[in-house]
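# Per-entry structural report
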Amino acid sequence: MSEKQVPIIAFNQVDLSFGDTHVLNNVDLEIEAGKFYTLLGPSGSGKSTILKLISGQLTADSGDISFEGQRVNDVPAEKRKVNTVFQNYALFPNMNVFDNVAFGPTLKGMNKTEIKNKVKEMLNLVKLSDFVDREIDELSGGQQQRVAIARALANDPEVLLLDEPLSALDYKLRKSMQYELREIQQRLGITFVFVTHDQEEALAMSDWIFVMNDGVIQQNGSPEDIYDEPINHFVADFIGESNIVDGIMKEDYVVHFVGKDFENVDAGMRPNERVEVVLRPEDLDLTSIENGKLVVTIEDQSFRGDYYEITARDDDGNEWQVQATNSAIIGARVGLTFDPEDIHIMRFNESEDDFDARLESYEDDDEI
Ligand SMILES: Nc1ncnc2c1ncn2[C@@H]1O[C@H](COP(=O)(O)OP(=O)(O)OP(=O)(O)O)[C@@H](O)[C@H]1O
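Residues numbered from 1 in each chain as written. Predicted model: local features only at pLDDT ≥ 70, side-chain atom pairs only at ≥ 80, totals over all residues. Heavy atoms only, no water.

Heads up, the condition is: UniProt positions are given in the numbering used here, feature names are shortened, and annotations may be inferred rather than shown by experiment.
The name recorded for the chain in UniProt is Spermidine/putrescine import ATP-binding protein PotA, from Leuconostoc mesenteroides subsp. mesenteroides. As recorded by UniProt, the Catalytic activity comment attached to the chain reads in full: "ATP + H2O + polyamine-[polyamine-binding protein]Side 1 = ADP + phosphate + polyamineSide 2 + [polyamine-binding protein]Side 1."

Below is the structure:
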């Protein structure tokens, strides 16, 4: 993150409990203007709570929340330049599309022509220009969601908060809305903070992802960083499919697992440190026993359209998920192979800061 730019939103050690439930645990985060951010995590991890703290619907027990460098903990919701789009749309059912979208601009005291222009512009943006006079109950779920987005954007927010806005839509509509939302964000250039529990959705849409679990940000980074370099078991397991086995980092670039030493590209740990080893299913190949780095027995397979998902087991009892272009024979003993750069090492209980420092130190070594 650039040092010069003041984040549009920042949390510093934000803590919140509901009675005995500790919902957010000293959360730090920074959001830069004009980008698409996603809060990703399982149900109950605290994602919506973060949105409510940004919008002013909730107040933190401790810590600072700031907008463009100004503390806003005590600034009421209506004074924040933020709007929220909810999963259930929260439209006014007794108003038509025009009146729903015109609601904010009318409250702001815009004149009739300005309001008309604003509504037209917003309905154009969400591709609903022909629906201006429709009643809300005459719209499909996808169309209602577009009205909700248009209504929120008509208030000219600096930040648009989106709380699982696509989860009620069917798979195809959801995919196309993902692209459209991304396009709208890029066209308007405002900041989007999007909440989802769907990792594929987060990877496809975001500039930057905060992965949450149990009220703690486990990792934040670009989709590529988080997918390629998960910092801990939770992130590796939650983002994409992962094979995770215990190992020992014997020395820099040599890791031992399933009874063998393997060359890899990680460094910066104590000699013989216990680690977890991550290998993604798409990075594994099945081959002959002679060419394999491990020997496995095929246990199961299912056809997934563009690949076979194969389950195999090594002689130590570890299960391996493999994505292969060719089918395998159940019960066959075959070789499993992978490249040194596909082995990702995770230290037990490493903090995100320590992880970043270690990554930087050996990236610097590589440059020498
Ligand atoms: N008003 C409340 N009173 C008591 N507990 C609450 C309240 N709101 C949220 N919680 C609890 O806080 C935790 C975090 O809730 P939050 O809604 O932020 O999670 P989430 O990650 O958005 O989950 P989901 O994806 O299911 O919406 C949950 O354990 C939830 O039960």
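There is more to say, and it comes next.
### Focus on the overall build of the chain
Convention followed: Helix and strand labels come from DSSP, where a helix needs a run of H or I of at least four residues and a strand needs a run of E of at least two; each type is numbered from the N terminus. Buried, partly exposed and exposed residues are distinguished by accessible area as a fraction of the type maximum, computed with a 1.4 Å probe on protein chains only: under 20%, between the cut-offs, and over 50%, respectively. Every residue pair with non-hydrogen atoms within 4.5 Å of one another is taken to be in contact. Per-residue accessibility takes into account occlusion by the displayed protein chains alone, with areas from the Shrake-Rupley method and a 1.4 Å probe.
The secondary structure content of the chain amounts to 9 helices and 20 strands. Along the three orthogonal principal directions, the C-alpha set of the chain runs to about 75 × 45 × 45 Å. By residue count, 49% of the 368 residues in the chain fall in the buried class. Taking contacts inside the chain between residues at least 6 apart in sequence as the whole, the part at least 24 apart equals 66%. Just so you have it, the chain exposes about 18300 Å², and 45% of that area is on carbon and sulfur atoms.

### Considering the UniProt feature "domain: ABC transporter" in the chain
Mapped onto this structure's residue numbering, the UniProt feature "domain: ABC transporter" falls at residues 9–239. Helix makes up 36% of residues 9–239 and strand 27%, and the two end C-alpha atoms of the span are 25 Å apart.

### A closer look at the sheet that holds strand S9 (residues 208–213)
Selection rule: Two strands pair under a simple rule: DSSP has to find at least two bridges between them. What counts as an axis is a line fitted to C-alpha atoms, over the stretch in contact for a helix, and the angles between N-to-C directions run from 0 to 180 degrees.
Strand order in the open sheet made by the 6 strands is S6-S7-S8-S3-S9-S10, with mixed pairing throughout. Of all strands in the sheet, those with a lone pairing partner are strand S6 (82–86) and strand S10 (216–221), marking the two edges. Averaged over all pairs of adjacent strands, the angle between their axes in this sheet comes to 20 degrees, without regard to strand direction. When strand S7 (residues 159–163) meets strand S8 (residues 191–196), the two strands line up parallel, connected through 5 bridges. Pairing of Val 159 across the sheet is with Thr 191, part of S8. Strands S6 and S7 of the sheet are contacted by helix H4 (residues 141–153), whose axis makes an angle of about 170 degrees with S6.

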